[in-house]
Amino acid sequence: MKIRKQLNISIWILKAPKREDSAIKKKRSFLRKLLEVLPSKHELKQYCGVILCGSILWITLWFIFQEAVLPGRGIFNMTGMVITGYVFGHTLERYTTISAMAGMTLVGALYKVFGENNFLEDPIVNIIDFHLRRIYPVIILTKGPLTWNWPYIKNNSLKVFLLATLPWIVECLSTAIFTHVLLEYPWYWGLHLGSILSSVSPAVVVPTVIAFKTKGLGTQNKIALLVANAGGLDTTFTEGMCGVINSAIFFPSPPTYRIIKALLAIFLGIGLGIAWGILSDILPDHKDPYAATVRSLLIFAGGLLLTYAGGYFGWGGTSGVAIMVCAGTAATLWSRRDWPINDNPVATVYKVLWLIFEPMLFTLSGYFLEVSQMTLAEFGLIVACLFLALLMRLVTAFLVSVANKLSMKESLFVAVTWIPKAIVEAVLVRVATDSLWKEGASEQDKKIAKQHANIIVIAILLMTTLGSGLTTILGPVLLPQDSEIKEHNEFQTPNIIPPHSCDVKRRKPTSPSVHFIDSQ
């Protein structure tokens, strides 16, 4: 018995360290997972910097507006909503497949529904939002073309052009038809709404598609390049056509002048953009130490001037096309020297500007949702119009992809990436009410103009969430795997040294929303 007890004790002593090692491993594994979930030191510093900047800006605004920025007033409420949208949107993106843009829009919509008063009724806040919507397009439309892959667009011009335009045309016309049948819209209102909703938002899905590319998914037919560059051209097409349609409907002028203006608006924008892009390359000297700063300001000032001038003279669409062509022309000329596309200092400036203005755009756009007078039947008809038009768009995108010799699965994936609606829709959420005739507008026109904003916000919430989620889920299923990259990932020697706590791979890494990918 004594011998057995001694043996049992010896066995227990031998096993104890293993149990202890197992407990330590579980503890380390738990801590590792906890570190993956919690913000890193780098991210915490970023958040603190943003909060500090916001606080300083609010204090500064007190010296300008005084009581208007105090708690309970319009500017304070607007600022608080934007900050909340920023935090919630990026938190949602971090832990789910939903884009931050949808989260920010949702915050604005919920604040409008449950908030005590409408801060847009404050004249100062309304003016701020109105002029911010003249600044957003300049930043957005400049940022994209500075990062486009022009060699790929040149070598695949027909494929890119067809994918950017045909689904847009089909959805625009489908929206006009379905809103006319289901919501009893006049044809001109249906076309106006369709020209806004037909825009795709590549910034929602491009980071995910780039991540697939790094894993060897869809590399054979360069799906990432196709989605990014065709999506960017779709935005250009939307800006031009929507501006032309908006001016043709609402700007008072003789019919002959409207027709001439519609025909010339886009071509005038292309000419102005090329001229301003060449000027941005000539001035200042390329070796000037302040070249990046001066060129960034020159493009921004020119874009802002064209935006206000185009709206004043009723040449809608001209400014948007001119801004994008200017940025693309300038980036191409700079790349011939030593400023690579997507890696030049001007592009970096506009990426930073977008990080600042993105939460303002989407939270304030979500605030335009008005559900107090919306019935369940009306909501159902709106959703039906959106999804029926979207179905027509997806079928067209699928057929265009098949016609361009993509496989069935790749074509289906491209169609899925054509679902999200976000940036252009958010910018133009109040364009109907702002453009409505001052005199002669009927009660039906006023009602439809307000309903436009509801439809656009609902489209952003539904389509951005659906598009980003399906792209993330279906990408590994539909895109073919490059065998060489797959083998490299599988047989890559793991790092035996545990990473430092602040270098732990994050659970949901976020990528910059860019429209450029290397063509290699």
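Residues numbered from 1 in each chain as written. Predicted model: local features only at pLDDT ≥ 70, side-chain atom pairs only at ≥ 80, totals over all residues. Heavy atoms only, no water.

Trainee: Can you lay out the overall build of the protein chain for me, pointing to particular residues and giving the numbers?
Mentor: Assigned secondary structure in the protein chain consists of 20 helices and zero strands. Taken across its 520 residues, the protein chain has 47% of its residues classed as buried. Pairs at least 24 apart in sequence give 83% of the contacts found in the protein chain among residues at least 6 apart. Of the roughly 26600 Å² of accessible surface on the protein chain, a fraction of 68% belongs to carbon and sulfur atoms. (Helix = DSSP H or I, 4+ residues; strand = E, 2+ residues; numbered from the N terminus. Buried < 20%, exposed > 50% of the residue type's maximum accessible area, 1.4 Å probe, protein only. Contact = heavy atoms within 4.5 Å. Areas by Shrake-Rupley, 256 points an atom, 1.4 Å probe, with all protein chains shown as cover.)

Trainee: Outline unusual backbone geometry, supporting the account with residue identities and numerical values.
Mentor: Leu283 connects to Pro284 through a cis peptide bond whose omega is -15 degrees. Note on placement: Pro284 falls in the loop between α11 (255–282) and α12 (291–313). One non-glycine residue, Lys222, lies in the positive phi region at around 50 degrees. Considering the arrangement of structural elements, one finds Lys222 in the loop between α9 (202–214) and α10 (223–250). By relative accessible area, which is 34% here, Lys222 ends up partly exposed.

Trainee: Report on the confidence of the model for the protein chain, specifying residues and quantitative values.
Mentor: With 87% of its residues at a pLDDT of at least 70, the protein chain reaches an overall mean of 84. The element-level mean pLDDT for the protein chain is lowest in helix α20 (residues 483–490), coming to 54, with helix α15 (residues 376–403) highest at 96. (pLDDT = per-residue confidence, 0-100.)

Trainee: If you had to explain the state of the cysteines to someone new, which residues and values would you point to?
Mentor: For the coordinates displayed, the defined rule picks out zero disulfides. Cys242 takes part in no disulfide bond, and the closest cysteine sulfur to it belongs to Cys172, at a distance of 8.9 Å. (Disulfide = S-S within 2.5 Å.)

Trainee: Could you give an account of the pattern of salt bridges, naming the residues involved and the relevant values?
Mentor: Inspection of the entire model under this criterion finds nine salt bridges. Between Lys112 and Glu370 there is a salt bridge; the shortest N-O distance is 3.4 Å. Taken together, the residues span a long stretch of sequence, with Lys112 in helix α4 (residues 100–114) and Glu370 in the loop between α14 (345–366) and α15 at a distance of 258 residues. Judged by its relative accessible area of 17%, Lys112 is buried. Here Arg393 makes a salt bridge to Asp234, at a shortest N to O gap of 3.5 Å. Linking Arg393 in helix α15 with Asp234 in helix α10, this pair joins segments that are 159 residues apart in sequence. By sharing partners, the salt bridges in this structure join Asp129, Arg133, Arg430 and Asp434 into a single network. (Salt bridge = Lys/Arg side-chain N within 4 Å of Asp/Glu carboxyl O.)

Trainee: Break down helix α8 (residues 187–197) for me, with residues and values.
Mentor: Counted residue by residue, α8 has eight buried out of 11 residues, so it is predominantly covered. Here α8 has its buried residues at Trp189, Gly190, His192, Leu193, Gly194, Ser195, Ile196 and Leu197. In this structure, the buried residues of α8 make contact with α7 (157–182), α10, α15, α17 (423–427), α18 (431–435) and α19 (443–478).

Trainee: So what's going on with the packing of α12 against α14? Residues and values would help.
Mentor: Relative orientation of the contacting elements α12 and α14 amounts to 60 degrees, with a least axis distance of 9 Å. Judged on the interaxial angle alone, α14 and α12 are oblique. In this structure, α12 meets α14 at a crossing whose hand is right-handed. Two secondary-structure elements touch here, α12 through Ala292, Arg295, Ser296, Ile299 and Phe300 and α14 through Pro345, Val346, Val349 and Tyr350. (Axes fitted to C-alpha atoms, helices over the stretch in contact; angles between N-to-C directions. Parallel < 35°, antiparallel > 145°, perpendicular 65-115°, else oblique. Left-handed = near helix turned anticlockwise from the far one by under 90°.)

Trainee: Lay out the packing of α11 against helix α13 (residues 318–335) with the relevant residues and their values.
Mentor: Where α11 meets α13, the closest approach of the two axes is 7 Å, and the angle between their N-to-C directions is 35 degrees. You can see that α11 and α13 cross each other, and the crossing is right-handed. Taken together, the residues of the contact of α11 with α13 sort by class into 15 nonpolar, six polar and one charged. (Nonpolar A, V, L, I, M, F, W, Y, C, P; charged D, E, K, R; others polar.)

Trainee: So what's going on with the packing of aromatic side chains? Residues and values would help.
Mentor: Throughout the structure, instances matching the rule amount to 15 aromatic pairs. Grouping aromatic residues by their ring pairs yields a cluster made of Tyr188, Trp189, Phe250 and Trp437. In this structure, Lys112 is placed above the aromatic ring of Tyr367, and the distance from its NZ or CZ to the ring centre is 5.1 Å. Above the plane of the ring of Trp339 lies Arg295, whose end atom (NZ or CZ) is 4.9 Å from the centre. (Phe/Tyr/Trp six-rings, centres within 6.5 Å; stacked < 30°, edge-to-face > 60°. Lys NZ or Arg CZ within 6 Å of the ring centre and 35° of its normal.)

Trainee: Give me the side chain of His286: which residues, what numbers.
Mentor: Positionally, His286 belongs in the loop between α11 and α12. Given a relative accessible area of 12%, His286 falls into the buried group. In this structure, His286 is in contact with Ala291, Arg295, Arg337, Asp338 and Trp339, ignoring residues within four places of it in sequence.

Trainee: How would you summarise a nonpolar patch on the surface if you had to cite specific residues and measurements?
Mentor: Together, Ile59, Trp62, Phe63, Ile64, Phe65, Leu70 and Ile124 make up a nonpolar patch on the protein surface, roughly 650 Å² of accessible area in all. Counting residues per element, the nonpolar patch draws most heavily on helix α2 (residues 41–65), which supplies five residues. Within the element layout of this structure, Phe65 appears in helix α2. Taking relative accessible area as the criterion, Phe65 reaches 30% and is therefore assigned partly exposed. (Patch = residues over 30% accessible without salt bridge, like charges linked within 9 Å, V, L, I, M, F, W, Y side chains within 5 Å.)

Trainee: Describe in detail the environment of Asp343, supporting the description with residues and values.
Mentor: Inspection of the secondary structure puts Asp343 in the loop between α13 and α14. Separated by 196 residues in sequence, Asp343 and Thr147 place their C-alpha atoms 8.0 Å apart.

Trainee: Explain α11 to me, and be specific about the residues and the numbers.
Mentor: Between its terminal C-alpha atoms α11 stretches 40 Å, which fits the 40 Å expected from 28 residues at 1.5 Å a residue. The sharpest bend along α11 comes to roughly 40 degrees, located at Leu264. Within α11 the residues assigned to the buried category are Lys261, Ala265, Gly269, Gly273, Gly277, Ser280 and Asp281. Those residues of α11 hidden inside the fold are in contact with α10, α12 and α13. (Expected span 1.5 Å × (residues − 1). Bend = angle between axes of the 7 residues up to and from the residue.)

Trainee: Tell me what's going on with the side chain of Glu410, and back it up with residues and numbers.
Mentor: Within the secondary structure layout, Glu410 lies in helix α16 (residues 408–417). This buried residue, Glu410, is left without a salt bridge; Lys159 holds the nearest opposite charge, at 8.6 Å. (Lys, Arg positive; Asp, Glu negative; His and termini not counted.)

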